[in-house]
Each structure stands twice: as C-alpha cells, then as structure tokens.
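Listed below, chain by chain, are the residues.
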Amino acid sequence: MSQTGQIDDAKSTAEHALERTPKAADETKRFEFVHKVFAVPGAIFELDDHTNEPVLKLDLGDLRAAMTFETLRANFGLTAGSPDDRALTDVGKALGFVRCVRPGDTIPAELLDGSASWRVEPRHLATAQGRITAGLLAWLGEGTKAESAVELAALAADAGVKANVQTAFGRLAVRMGLPDDRRGEVVDAVDRLANELSYIEALREKVGQTRRAVELFKRLRAAYKRERGASESLERIVHLLERPVKRYEARLAEVDAQTGEIQNTIINLARQIAFVREARDWLHREIMRWDDVLETWAGESAEPSHAQQRKIGATYRFAARYFPLVEEWVHG
C-alpha cells in the first residue's frame, strides 16, 4: 500500500475512533421498584456470604432474612419482564461493580455507558499522564528512566518534556491526517485516554497492596513456624492467594502491552478504551473482594502477636471462599 493510502486509512480509523469514543451519561437513573417488599426499611441487596449469589436482605422483626431473586420472583408474583423483574436483573449485574445496592440507589455508570462509577485520586491521573508521556517520548526515539508512579507524574509535569510532547502531538496529527484546525483533537484524545488509564493506575496501586499482603503472610509463615496451627493456616493462605495476585499482575501487564504504543492506541482509541474498560471492570470486581482483608492487615508487621491469631483465621476463610483450589482430573 502507498504512503498516501496508509495515511488515508489512518485518518479514517482515527476519525471513527474520535467520534465513537464512549462518553459519560448525563442522566441519573436509579433502581426503582414497584412491590412494597422493596420499600421495607433497611432493605439491601448484597452477595450472599456463602453462595456468592445476589440476595435481598430484610429485617423481619428479630429475624434477618436473605431471599434469593428466584424466591422473590416466586413468592411475590414478579412475573418475567415486569419492571421489578428487570430491576432485579440489573441489580444482579450491578453487584459486580458495587458491594451493595439499596432500592432507589443510582444505577452504576458501568451498566449505562461503560464509564466507571467509582473515583480515582489526582495522583492516579498524574501517573497515567506520565505513562502516556513516556510512550510518546519513546515514539520520538527518546528514552526515559521513569518507572515509579512518582517518577511518571514528575515526567508529565516537566516543562522541558512538555515541549517534546507537543512535537509528538503534531506528528501524531499528521499521521492521523488531521488538518491544522483539528489538531486539538489529538490533545482531547490523549486526555480521554489518560482519564481511562487513571483507573488502571488506581487498580495497580490496589494490586500492589494485595502483593504486599501476600509477602507479609509469607514472612508471618516463617515467624509462626513453631506454632503448627497458625503456620499451616498461613501456608494455605499463601498457596491460595498467590495465584490470584499473579493473575492481577498479569492483567496489568497485558494492559500496559496493549496500550504501550501510544500512537496506535490514539488512532484506535474507541477499541482501546473498550479493552481498557473490560480490564478495569474485571480487576475492580476482583479487588473489591480484598477490601476487608487489606484493611484488617494494614500496618501489621511480621512480628507475631496474640491479635493476629483471629486475623489469620478470618483471612484463611476469605482465601478458601473466593480462591479455592480446583482439582484437575486427568482421565487416562
């Protein structure tokens, strides 16, 4: 293909990407129910602690009841396709993005337009901007030693580097076939990409916390080697939790590889954002499970203490519930 043809293809792809990039929804939508059972004070939807199935939890006098959605549909006449039936289906999906839902809550943005319903910190956006800056510099043939979140954020804020980034913007606009009066669209596209990647940076931080937790459990395993019960529990904890943490780290590496060539990412922005969001939602769904464990062990050292015994037991139950070993049967 001629160079002119390549530019035309790039221009067509880029314009399609710029036009089709998902945007945030403006209208707030909520989980609205008709049946009075959903108006009971304290009604809340959560995943069941034992089955991981969506349930509605209600206070019925001295009893705290948990009803599955099938039970709700059967006992309260919620026919297929009715407003309450559809709302329950949406609640089940929403519990993949939030830990609980109350009737009247806002529907998570993930179900409406694909954007995230949770917030990131300014440092996460700064790190994402730095990672994009490093990619643009690499495209220009200029290397950088920035690797940590702090170094990447500093790179994006460096005045000297910003001049080189402007050069990269100009070259990228040419490659995309954009006229001079539309070159600002490249900056807009980079800003949108940075916003999407800021969620990956926030999750990278959380994955780092899960990794540090596993490393703490390894040190505690050695510290408790003379206490058989605690030592065996910690051995199982490490064995069960090492695997998911490696999966999280691998998913982050996959996102980095997919979006590392910034020029191609911008040209194929809509497709790349869809890829980033899929990884974001999977990682967020996984990491949500760890919230209580990470909070429990925050600030703990590898020095044995009486208070750790209860924490070790709770952590083993968490690991066994969410990450049980699956035996693989090989048939001869």
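Note: the structure precedes this text.
A quick note: this is a predicted structure, and the numbers were derived from the prediction, not measured. (Residues numbered from 1 in each chain as written. Predicted model: local features only at pLDDT ≥ 70, side-chain atom pairs only at ≥ 80, totals over all residues. Heavy atoms only, no water.)

1. Some details on the pattern of salt bridges
Working step 1: Scanning all chains against the criterion turns up 26 salt bridges.
Working step 2: Taking the shortest distance from any N to any O, the salt bridge between Arg 73 and Glu 70 comes out at 3.3 Å. With Arg 73 and Glu 70 both in helix H2 (residues 69-75), this residue pair falls three residues apart, about one helical turn.
Working step 3: With its nearest N and O atoms 2.6 Å apart, the salt bridge here joins Glu 201 to Arg 131. On the criterion of sequence distance, the pair formed by Glu 201 in helix H8 (residues 184-223) and Arg 131 in helix H5 (residues 122-139) is long-range, its members being 70 residues apart.
Working step 4: According to the relative accessible area criterion, Glu 201 is buried, its value standing at 7%.
Working step 5: Counted as one network, the salt bridges with shared partners bring together Arg 211, Glu 215, Lys 218, Glu 242 and Glu 249. (Salt bridge = Lys/Arg side-chain N within 4 Å of Asp/Glu carboxyl O. Helix = DSSP H or I, 4+ residues; strand = E, 2+ residues; numbered from the N terminus. Buried < 20%, exposed > 50% of the residue type's maximum accessible area, 1.4 Å probe, protein only.)

2. A few points about helix H13 (residues 306-322)
Working step 1: Over its 17 residues, H13 runs 26 Å from end to end, which matches the ideal 24 Å to within 8%, given 1.5 Å per residue.
Working step 2: For H13, every residue scored as buried is listed here: Gln 308, Lys 311, Ile 312, Thr 315, Phe 318 and Ala 319. For H13, the angular spread of the buried residues around the axis is 125°, confining them to a single face. In H13, the exposed positions that point more than 90 degrees away from the buried face belong to His 306, Arg 310 and Arg 317.
Working step 3: Structurally, H13 contributes buried residues whose contacts are with H8, helix H9 (228-259) and helix H12 (291-297). (Expected span 1.5 Å × (residues − 1). Arc of directions from axis to C-beta. Contact = heavy atoms within 4.5 Å.)

3. Observations regarding the packing of aromatic side chains
Working step 1: Scanning all chains against the criterion turns up 13 aromatic pairs.
Working step 2: Pairing Trp 290 with Phe 318 gives two aromatic rings, centres 5.4 Å apart and planes at 70°, and the pair type is edge-to-face. Of the two residues, Trp 290 is situated in the loop between helix H11 (269-288) and H12 and Phe 318 in helix H13; the sequence distance between them amounts to 28 residues. The same class applies to Trp 290 and to Phe 318, which are both buried.
Working step 3: Ring centres of Tyr 322 and Phe 323 lie 6.3 Å apart, and the angle between their planes is 50°; on these two criteria the pair is classed as tilted.
Working step 4: A residue is classified by how much of its surface remains accessible, and Tyr 322, at 21% relative accessible area, is partly exposed.
Working step 5: Members of the aromatic cluster, connected to one another through ring pairs, are Tyr 248, Trp 282, Trp 290, Phe 318, Tyr 322 and Phe 323.
Working step 6: Residue placement shows Arg 280 over the ring face of Tyr 199; its charged tip is 6.0 Å from the ring centre.
Working step 7: Above the face of the Trp 297 ring, Lys 311 is positioned so that its terminal group lies 5.9 Å from the ring centre. (Phe/Tyr/Trp six-rings, centres within 6.5 Å; stacked < 30°, edge-to-face > 60°. Lys NZ or Arg CZ within 6 Å of the ring centre and 35° of its normal.)

4. Some thoughts on the environment of Val 150
Working step 1: For Val 150, the location among the structural elements is in helix H6 (residues 149-157).
Working step 2: Looking at Val 150, the relative accessible area reads 67%, which means it is exposed.
Working step 3: Val 150 sits 26 residues away from His 124 along the chain, and the two C-alpha atoms are 10.0 Å apart.

That's the geometry; what it means functionally is another story.
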